Amino acid sequence: MKLLGNVDLLTSQTAIKFAAFIFISVSFFYIGKHWSDGSRQLIFFSRQSPLATVSYIPTVGISPNFNKEFNISALISATEPETESKPVDPVKNDGKPVSASEAHSPQHPPTTPPPPPVIKSYGIVDENGTMSDEFEIGEFDPNLVENWGNGTETQEETKTEGATSTFRVKKFGLCDESMREYIPCLDNVEAIKRLKSTEKGERFERHCPEKGKGLNCLVPAPKGYRPPIPWPRSRDEVWFYNVPHTRLVDDKGGQNWISKKGKDKFSFPGGGTQFIHGADQYLNQISKMVPEITFGQHIRVVLDVGCGVASFGAYLLSRNVITMSIAPKDVHENQIQFALERGVPAMAAAFATRRLLYPSQAFDLIHCSRCRINWTRDDGILLLEVNRMLRAGGYFAWAAQPVYKHEQALEEQWEEMLNLTTRLCWTLVKKEGYIAIWQKPFNNNCYLSREAGTIPPLCDPNDDPDNVWYVDLKACISRIPENGYGANVAPWPARLQTPPDRLQSIHIESYIARKELFKAESKYWNEIVASYVRALHWKKYKLRNVMDMRAGFGGFAAAMIDNQLDAWVLNVVPVSGPNTLPVIYDRGLIGVMHDWCESFDTYPRTYDLLHAAGLFSVEKKRCNMSTIMLEMDRILRPGGRAYIRDSLDVMDELQDIAKAMGWHPTLRDTSEGPHASYRILVCDKHLLRS
């Protein structure tokens, strides 16, 4: 009996629980049904079509939305602002749902979603997600354009010691519109007027403003300036308003240099004065003339004299050759500006009265195509400068009228050139068509075997052929090192990471072996650049023209190549430190000597990235840091970046100067962490308008 009682009790409790569950389920069902009959409808989504035949369990209720179609965009639009029109669910005027047949009747047309917005392509991925080279670069992002004004604002600061007052520039104003292409050391009109003579091209050399009279404002961009067309398309076309000058089109259009393309672009067909059929064909001709000229192997670093718009150097890039293209700022003053806008290495420079700012034995090949230079004047002093910069065993290619025209005056020039090159111990390797190619000797044997009194003589053994900063040209033959330094370089690309012989001749204080120092610097910068690529997404940036402002042995530039960044680097060696330029060129890189207390020989807005490591902590002893920063702003493109890696004691002042120039600085820790004595100041330059 007791057992039976327990069973009854258990059965009654189970029945109560079951009845409660049924009651709650039914209650929720009718509540849900009532709620879904209102303006907000309860929708049951199923993988099955609503029109499909479905068997249902009799005890389960059917949703009121069964056999009805709904416009999903109406549900999405429900989250839009109330000011926008919303598609409505199909209902009758009495609020009851419309059947499927009624919803598709003429009286109740189905609501269609609004058309998608027009996609504007500004990148290389089109609206279908396909990679494409057919794209246009848009205007500057409005967030990167600032209304800046022309006025300079200063702020008085009082020091407690001695109660002295100083003025700090709070905001640098924009320069006058006429200075938009200003190069301070090449456009110093007052200094040029004071020259005693200009017949040898002195006016095209450096004449910098006096200290304290340099640049004190921000050089403005021309109206209509746009982000440059990225490489490699920039090789063939650039925006007109970035270099708004048609003088070269008018003068050289028929020679296939440059042409106007529509209203907003310049086009570069790839020709030159002596190679109107294209640079590629011209380069092939040189290779066939002298098979030993193997571009991209033994011929890696080239100098193009009187480069025009640098098509010769632009087409050599595809053959793993890097070319320093130079031309003076003369009547065709925008040649170098066009070259740099295209993304090709170039500098404003002239053969006149001083040595060029490149070391001895720098170039594997030096090229002159109708460069309008009289190589035989003054006992060949200009060709002697070519000889100084030409690597032992290197080549000189000359394409000019005296090579191929049979006129008396031109034939006399050719005989003078033959006589001079013979006295220089150059060998005429080949003369074909309008090109003549000579080779420099590998050693001094020929020089020493000449007759006594032969002009030009060998330079004094104490002459330093790598001393180039404001050094006059010398009418003598630079000696080739007896130990073969400079001649024995590995072929490209092995030479990039091979410690060169001339590393031993650099005057530096080092506690470890020079080769170990060279390798350590390369490893150091490779790790840093790899971290920039990984963490700061450098490959997403449109980096093309890059400058390393304190290059050392060129480790930063080598790391850019190793990390496969499609950019070229101009390595700048400051005069305040050891002259490492010979090592940079022996590695197959390019560079130049410079004093950062003065202006650089390039046009405004010509570099995408400026890299300065340890520069300011050294140069602040010699000149004002704002002088260097203003020069950096002049040569940096709007939208470009500056990476300043330096000690903490200069960072506060550099940040203040950066903000006064309209830059947007961000201070970052190095890989050593927050307690390291160095920081990285990353600055973004915006486009400033008055």
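All values reported here derive from a predicted model rather than from experimental measurement. (Residues numbered from 1 in each chain as written. Predicted model: local features only at pLDDT ≥ 70, side-chain atom pairs only at ≥ 80, totals over all residues. Heavy atoms only, no water.)

## Re the state of the cysteines
- Enumeration according to the criterion identifies six disulfides in this entry.
- Between the sulfur atoms of cysteine 175 and its disulfide mate cysteine 217 the distance is 2.0 Å. As the torsion about the S-S bond is roughly 105°, the cysteine 175-cysteine 217 disulfide counts as right-handed. With cysteine 175 in the loop between strand 3 (165–171) and helix 4 (189–193) and cysteine 217 in the loop between helix 4 and strand 4 (237–239), this pair connects stretches of sequence that are 42 residues apart.
- Judged by its relative accessible area of 6%, cysteine 175 falls in the buried class.
- Of the residues examined, cysteine 217 reaches a relative accessible area of 12% and is grouped as buried.
- Covalently, cysteine 185 is tied to cysteine 208 through a disulfide, its sulfur atoms 1.9 Å apart. Judged by the torsion about the S-S bond (110°), the cysteine 185/cysteine 208 disulfide is right-handed. (Disulfide = S-S within 2.5 Å. Helix = DSSP H or I, 4+ residues; strand = E, 2+ residues; numbered from the N terminus. Buried < 20%, exposed > 50% of the residue type's maximum accessible area, 1.4 Å probe, protein only.)

## Here's the deal with the sheet that holds strand 15 (residues 568–574)
- Taken in spatial order, the seven strands line up as 16-15-14-17-18-20-19 in an open sheet, and their pairing is mixed. Strand pairing shows two members of the sheet lacking a second neighbour, strand 16 (590–594) and strand 19 (663–669), which therefore form its edges. Direction aside, the axes of adjacent strands within the sheet are offset by 20° on average.
- Strand direction decides the pairing type here: strand 15 and strand 16, joined by five bridges, are parallel. Across the sheet, asparagine 571 pairs through a bridge with glycine 591, a residue of strand 16.
- Sitting on the sheet, helix 17 (residues 625–635) touches strand 14 (545–548), strand 17 (607–613), strand 18 (636–647), strand 19 and strand 20 (678–685), and the angle it makes with strand 18 is about 145°.
- Packed on one face of the sheet, helix 18 (residues 648–660) meets strand 18, strand 19 and strand 20 and runs near 160° to strand 18. (Pairing = 2+ DSSP bridges. Axes fitted to C-alpha atoms, helices over the stretch in contact; angles between N-to-C directions. Contact = heavy atoms within 4.5 Å.)

## Quick word on the sheet that holds strand 5 (residues 259–261)
- Within the open sheet, the three strands sit side by side as 4-6-5. Their pairing is antiparallel. At either margin of the open sheet sits one strand with a lone partner, and together these are strand 4 and strand 5. Looking at each pair of strands side by side, their axes are set apart by 35° on average, direction ignored.
- Across three bridges, strand 4 lies against strand 6 (residues 265–267) in antiparallel orientation.

## Describing the side chain of arginine 342
- Within the secondary structure layout, arginine 342 lies in helix 8 (residues 335–342).
- Comment: no salt bridge for buried arginine 342; closest opposite-charge side chain is aspartate 236, at 5.0 Å.
- When residues no more than four places from it in sequence are discounted, the contact partners of arginine 342 are Trp231, Ser234, Arg235, Val238, Phe268, Val309, Ala310, Ser311 and Ala314. (Lys, Arg positive; Asp, Glu negative; His and termini not counted. Salt bridge = Lys/Arg side-chain N within 4 Å of Asp/Glu carboxyl O.)

## Here we look at the packing of helix 9 (residues 377–389) against helix 11 (residues 408–423)
- Direction vectors running N to C along helix 9 and helix 11 enclose 60°, while the axes themselves pass 11 Å from each other. Between helix 9 and helix 11, the interaxial angle falls into the category oblique. Crossing of helix 9 against helix 11: the hand is right-handed. Of helix 11, the residues touching helix 9 (which contributes Asp379, Gly380 and Leu383) are Met417, Leu420 and Thr421.
- Of the residues belonging to the contact of helix 9 with helix 11, the class tally is three nonpolar, two polar and one charged. (Parallel < 35°, antiparallel > 145°, perpendicular 65-115°, else oblique. Left-handed = near helix turned anticlockwise from the far one by under 90°. Nonpolar A, V, L, I, M, F, W, Y, C, P; charged D, E, K, R; others polar.)

## Some words on the confidence of the model for the protein chain
- With 76% of its residues at a pLDDT of 70 or more, the protein chain has an overall mean of 83.
- This stretch, residues 35–66, has a pLDDT under 50; its non-local contacts, to residues over four places away or in other chains, come to 26 contacts.
- Contacts of residues 116–126 to residues separated by more than four positions or lying in other chains number 15 contacts, the stretch itself having pLDDT below 50. (pLDDT = per-residue confidence, 0-100.)

## Considerations on the packing of helix 13 (residues 514–535) against helix 14 (residues 555–562)
- Where helix 13 contacts helix 14, the axes come no closer than 8 Å and their chain directions differ by 50°. Accordingly, the angle class assigned to the pair helix 13 and helix 14 is oblique. Like other packed secondary-structure pairs, helix 13 and helix 14 cross with a definite hand, here right-handed. In this structure, helix 13 contributes Glu521, Trp525, Asn526 and Val529 to the contact, and helix 14 contributes Gly555, Phe556, Ala559, Met560 and Asp562.

## Quick look at the pairing of strand 8 (residues 322–327)
- Counting buried residues along strand 8, six of its six residues qualify, which places the element largely inside the surrounding structure.
- Alternating residues of strand 8 divide into Ile322, Met324 and Ile326 and Thr323, Ser325 and Ala327, and every residue in both groups is buried.
- Bridge analysis of strand 7 (residues 301–305) against strand 8 gives five bridges, and the strand direction is parallel. Of the residues in strand 8, the one forming a bridge with leucine 303 is methionine 324.
- With respect to chirality, the unit in which strand 7 leads through helix 7 (residues 311–316) into the neighbouring parallel strand 8 is right-handed.
- A crossover connection joins strand 8 to the parallel strand 9 (residues 346–348) through helix 8; in handedness this β-α-β unit is right-handed. (Right-handed = clockwise from strand over helix to strand, strands pointing away.)

## Description of unusual backbone geometry
- Here isoleucine 455 and proline 456 are connected by a cis peptide whose omega angle stands at 0°.
- Counting through the fold element by element, proline 456 comes out in the loop between helix 12 (445–448) and helix 13.
- Note the cis peptide between tryptophan 492 and proline 493, where omega equals 10°.
- Along the chain, proline 493 turns up in the loop between helix 12 and helix 13.
- For aspartate 379, which is not glycine, the phi dihedral falls at a positive 60°.
- Within the fold, aspartate 379 resides in helix 9.
- One non-glycine residue, arginine 605, adopts positive backbone phi at about 60°.
- Positionally, arginine 605 belongs in the loop between strand 16 and strand 17.

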